[in-house]
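Survey of secondary and tertiary structure
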Amino acid sequence: MALDIAKYRRRRLRSTITVGLCWAASALGLTILAVILATLVYKGIAGLGPKVFTEMTPPPGSDGGLLNAIAGSLVMTIAGVFVGTPIGILAGTYLAEYGRYSKVSSVIRFINDILLSAPSIVTGLFVYELLVRPMGHFSAFAGAAALAVLVIPTVVRTTENMLLLVPNQLREASSALGLPQSLVIRKVAYKAARAGMITGVLLAVARVSGETAPLLFTALNNQFWSTNLNAPMASLPVVIFQYALSPYEDWQRLAWTGALLITAAVLTLSIAARWLSSSRTQQ
Amino acid sequence: MAFLADANSQATAAAAARRKVLEGLRITDQLFRGLTMSSAYFVLILLGAIFASLVIGGYLAFATFGFSFLTTEVWNPVTEQFGALAPIYGTIVTSFIAMLVAVPISIGIAVFLTELCPMALRRPIGIAIELLAGVPSIIYGIWGLFFFAPVIQRYVQPELIEAFKNVPVLNQLFAGPPYGIGILTSALILAMMVLPFITAVCRDVFETVPPVLKEAAYGMGWTTREVVRNVVIPYTRVGIIGGVMLGLGRALGETMAVTFVIGNAHRISGSILAPGTTISATIANEFTEAVGDVYTSSLIALGLILFFITFIVLALARLMLMRIEKKAGA
């Protein structure tokens, strides 16, 4: 049988080209990440100083920091996670433990996955209709509620996945000892899945702390220090949005610094979450 | 006798205590079950409530303009004339171009991560690509406006205009002054944002291909390209489409990044270099400044349209991914 050298060469060449393109695609992906991070550091580091953490957002033309925005972001993120996490964990528990094979559960799972990727600006509109319009004013409550709506599907998803990883023998053994099902779940399944569930919550925190769209017309913004949850409150993403699109150079500089801060925080959180889950699974 | 009676009463006391404990356990058991069940139903209620609130909020717009809300381009807050055509057009066009760019790159990265990459580098590169998904969308916005748009304006758009100057059809597509911001820039930013999502799904489904199939193909003397094309991709086609739809769902609803770089012009332009608007960008830009019930209601109606479109796209994505999960499980 004659070997068709020319055809073989052509096949090799085409394969090499494809492999080369795959390498190039990965290089492109990594380059994008590197360029974004480099731009952030380059533009943001100049404005980074103690003032950022000690002074309020300034009017144009004067000095200031981002203290009220940072505080507002923290307050609303914590409140949102505080409200959303228990609901998410309980719902995830139902899907994994009580209703694992029921029809309703598969519908809920399906809907939850859609909510997970649904546009976050729609959440803002929803909370506007639900809270802001009846209350008659924007408030940190509404902002936190909008973030909670985003936290729930993330936590449901990870809680369910992590509980599904718990071996059934553990449940059977504890049931055989006479433990009622709620105790099996709380004392055995939760304990076995704890690291994964914490990862889920961390990922949810990372996700919502960078969200802007749902806060735009729920918490609005606030130039001043405010701890009143029933009043508009500043948040880092919204301040970045407002300042970056302003014509004032000092505002734009602050926006870059804020952008650097928020990216650092979010990426640290997601790396921590990943590290936590991988160090557990390797055991 | 007295001794026996004493033991008896002790036994009944112990039994009573045990019954009490068991009763308590039974109640907490049912309570916990009820709590988890109502939380799970809450997810359903949430979706229903979102839909309901958007329908109620947008009702006035649909009542005022009727079906023509979907088919008119006019968006005039002064005369209170609103039509959703320009934002819908912008949303679809930006997402479509973003997909054209992102899908081949994502599949390339996924192939790289599953077939080509040295084992030691797989995790770090995989995590780096996933971090791209973690970068908040406002960061893409500010970066797009101050870094990416000027680059596009200076180096890419003049080249495109020049290159297609004499080609019919394409010279309409790449017409006009190089603004920097506009449909094309938004689409490219969107492509970067959805890239990690599509990559993650493709990588996961590529890993479901049984190694035996690939080994058999390599054993026959196939090249890497032929294995990917004729074994991996056909085996995972449904999953890839699911991943693409998932990315599309993200792209359609993406707000902040687009708001920065789209230019917010309520018109439909033949050129993809021109500024435009999308549904989410319109809402983000105008909602807090909307005066009057019809204006606000029109924006909420836009939100309803967006939610409806993304719901369908995401639902299709889930259905396809469920099919491949079943295949992998079987």
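Residues numbered from 1 in each chain as written. Chains lettered and ligands numbered in written order. Predicted model: local features only at pLDDT ≥ 70, side-chain atom pairs only at ≥ 80, totals over all residues. Heavy atoms only, no water.

What about the overall build of chain A?
Selection rule: Only runs of H or I of at least four residues qualify as helices and only runs of E of at least two qualify as strands under DSSP, and these elements are numbered from the N terminus. Between the two quantities, the radius of gyration covers C-alpha atoms and the globule rule is 2.2 Å times the number of residues to the power 0.38. Only protein chains enter the accessibility calculation, which uses a 1.4 Å probe; a residue is then buried when its area is under 20% of its type maximum, exposed when over 50%, and partly exposed in between. Whether two residues touch is decided by their heavy atoms; if any such pair falls within 4.5 Å, the residues are in contact. Reported accessibility uses the Shrake-Rupley method at a 1.4 Å probe radius. Residues are deemed covered only where the shown protein chains occlude them. When charges are counted, Lys and Arg are positive and Asp and Glu negative, with His and the chain ends excluded. Working definition for charges: the position is that of NZ of Lys, CZ of Arg, CG of Asp or CD of Glu.
Within chain A, the secondary structure is distributed over twelve helices and zero strands. Ordered by position in the sequence, the α and β elements of chain A form the string α-α-α-α-α-α-α-α-α-α-α-α. The C-alpha atoms of chain A give a radius of gyration of 24 Å, which is well past the 19 Å a tight globule of 283 residues would have. When the 283 residues of chain A are sorted by exposure, 54% land in the buried category. Taking as baseline every contact in chain A between residues at least 6 positions apart, the subset at least 24 positions apart corresponds to 73%. Of the roughly 12,800 Å² of accessible surface on chain A, a fraction of 68% belongs to carbon and sulfur atoms. Within chain A, the 11 negative side-chain charges are centred at a point lying 14 Å from the centre of the 22 positive side-chain charges.

Side note on the overall build of chain B
Regarding its fold elements, chain B presents eleven helices and two strands. Listed by position from the N terminus, the elements making up chain B come as α-β-β-α-α-α-α-α-α-α-α-α-α. For chain B, the C-alpha radius of gyration of 28 Å lies well beyond 20 Å, the compact-globule estimate for 330 residues. Along the longest, intermediate and shortest principal axes, the C-alpha atoms of chain B span 115 × 70 × 35 Å. Counting across all 330 residues of chain B, residues that qualify as buried make up 49%. Taking all contacts inside chain B whose residues are at least 6 apart in sequence as the whole, residues at least 24 apart take part in 74%. Of the roughly 14,900 Å² of accessible surface on chain B, a fraction of 68% belongs to carbon and sulfur atoms. Averaging the coordinates of the 20 positive side-chain charges in chain B and doing the same for the 18 negative ones gives two points 10 Å apart.

Brief notes about the side chain of Asn112(A)
Mapped onto the fold, Asn112(A) is located in helix 4 (residues 103-117). Here Asn112(A) is in contact with Pro153(A), Val156(A), Arg157(A) and Val43(B), once residues within four sequence places are set aside.

Structural notes on the pattern of salt bridges
Worth spelling out the cut-off: Only one rule defines a salt bridge in this text: a Lys or Arg side-chain nitrogen within 4 Å of an Asp or Glu carboxyl oxygen.
Applying the stated criterion across every chain, the model contains 15 salt bridges over all chains. Residue Arg11(A) is joined to Glu226(B) by a salt bridge in which the shortest nitrogen-to-oxygen separation is 2.8 Å. Of this pair, Arg11(A) sits in helix 1 (residues 5-44) while Glu226(B) sits in helix 8 (residues 224-253), on two different chains. Members of the salt-bridge network, linked through shared partners, are Arg109(A), Asp113(A), Arg157(A), Glu160(A) and Arg318(B).

With respect to the packing of helix 6 (residues 183-206) of chain B against helix 8 of chain B
Residues and elements named next belong to chain B. Put simply, the test is: Orientation is described by axes fitted as lines to C-alpha atoms, over the contacting stretch for helices, and by angles from 0 to 180 degrees between their N-to-C directions. Put simply, angles under 35 degrees are roughly parallel, angles over 145 are roughly antiparallel, angles from 65 to 115 are roughly perpendicular, and the rest are oblique. Handedness of a crossing follows from how the near helix is turned relative to the far one, being left-handed for an anticlockwise turn of less than a right angle and right-handed for a clockwise one. Residues are sorted three ways: Asp, Glu, Lys and Arg are charged, Ala, Val, Leu, Ile, Met, Phe, Trp, Tyr, Cys and Pro are nonpolar, and all the rest, Gly among them, are polar.
At a closest axis distance of 8 Å, the pairing of helix 6 and helix 8 adopts a crossing angle of 150°. What the angle tells us is that helix 6 and helix 8 run roughly antiparallel. Taken as a pair, helix 6 and helix 8 cross one another with a handedness that is right-handed. For the pair helix 6 and helix 8, the contacting residues are Leu 190, Val 194, Phe 197, Ile 198, Val 201, Cys 202, Val 205 and Phe 206 in the first and Val 232, Thr 236, Gly 239, Ile 240, Gly 243, Val 244, Leu 246, Gly 247, Arg 250 and Ala 251 in the second. Taken together, the residues that form the contact of helix 6 with helix 8 break down as 13 nonpolar, four polar and one charged.

Digging into the confidence of the model for chain B
All names here are of chain B. What counts here: The pLDDT value tells you how sure the predictor is about a given residue, anywhere from 0 up to 100.
Per-residue confidence for chain B averages 90 on the pLDDT scale, and 98% of its residues sit at or above 70. When mean pLDDT is taken per element in chain B, helix 2 (residues 85-116) scores highest with 95 and helix 5 (residues 170-173) scores lowest with 84. Interface scoring of the predicted complex returns ipTM 0.91; its pTM is 0.91.

Let's talk about a nonpolar patch on the surface
Going by this rule: Only residues whose relative accessible area exceeds 30% and that form no salt bridge are eligible for patches; like-charged ones are grouped when within 9 Å, while nonpolar side chains (Val, Leu, Ile, Met, Phe, Trp, Tyr) are grouped when within 5 Å.
On the surface, a cluster of nonpolar side chains totalling about 440 Å² of accessible area is made up of Phe308(B), Ile312(B), Leu316(B), Leu319(B) and Met322(B). Along the chain, Ile312(B) turns up in helix 11 (residues 293-329).

Quick look at the packing of aromatic side chains
Worth spelling out the cut-off: Here the aromatic set is Phe, Tyr and Trp, taking the six-membered ring for Trp, and pairing holds for ring centres within 6.5 Å; pairs whose planes are under 30 degrees apart are stacked, those over 60 apart are edge-to-face, and all others are tilted.
Applying the stated criterion across every chain yields a total of 20 aromatic pairs over all chains. Aromatic side chains Phe217(A) and Phe287(B) sit 4.5 Å apart centroid to centroid with 45° between the ring planes, which places their arrangement in the tilted category. One end of the pair, Phe217(A), is in the loop between helix 10 (213-216) and helix 11 (236-244); the other, Phe287(B), is in the loop between helix 10 (279-286) and helix 11, on a second chain. Exposure class is identical for Phe217(A) and Phe287(B). Each is buried. Taking 6.2 Å as the distance between ring centres and 80° as the angle between the ring planes, the aromatic pair formed by Phe65(B) and Phe82(B) counts as edge-to-face. Remark: Phe82(B) occurs in strand 2 (residues 81-82) and Phe65(B) occurs in helix 1 (residues 2-65); sequence separation between them is 17 residues. No difference in accessibility class separates Phe65(B) from Phe82(B), as the two residues are buried. Through a chain of ring-to-ring contacts, the aromatic side chains of Phe62(B), Phe65(B), Phe69(B), Trp75(B), Phe82(B) and Tyr295(B) assemble into a single cluster.

What to know about the nonpolar core
What counts, and what does not: For this analysis, a nonpolar core means a set of buried residues of the types Ala, Val, Leu, Ile, Met, Phe, Trp, Tyr and Cys, connected via side-chain atoms within 4.5 Å.
Membership of the largest hydrophobic core comes to 177 residues, with the highest contact counts inside it found for Tyr140(B) and Phe206(B). Among all residues touching Phe206(B), those that are not within four sequence positions of it are Ile107(B), Ala110(B), Val111(B), Thr114(B), Val232(B), Thr236(B) and Ile240(B).

With respect to the interface of chain B and chain A
What counts is decided by this rule: Defined here as a combined quantity, buried area equals the accessible surface (1.4 Å probe) lost by two parts on assembly, summed across both. Here a polar contact is taken to be a pair of N or O atoms separated by no more than 3.5 Å, where protein atoms must pair a possible hydrogen donor with a possible acceptor and residues adjacent in sequence count only if both atoms sit in side chains.
Counting residues at the interface gives 78 residues for chain B and 79 residues for chain A. Carbon and sulfur atoms make up 80% of the surface buried where chain B meets chain A, a total of about 7,300 Å² over both sides. Joining chain B to chain A, the criterion identifies three salt bridges. The closest approach of N and O atoms between Asp113(A) and Arg318(B), which form a salt bridge, is 3.2 Å. Linking chain B with chain A are ten residue pairs in polar contact (both at pLDDT 80 or more), by the criterion used here. Contributions of two or more residues to the side of chain B that touches chain A are made by helix 1, helix 2, helix 3 (119-134), helix 4 (137-163), helix 8, helix 9 (256-261), helix 10 and helix 11 of chain B. Across the side of chain B that touches chain A, the residue classes break down as 52 nonpolar, 18 polar and eight charged.

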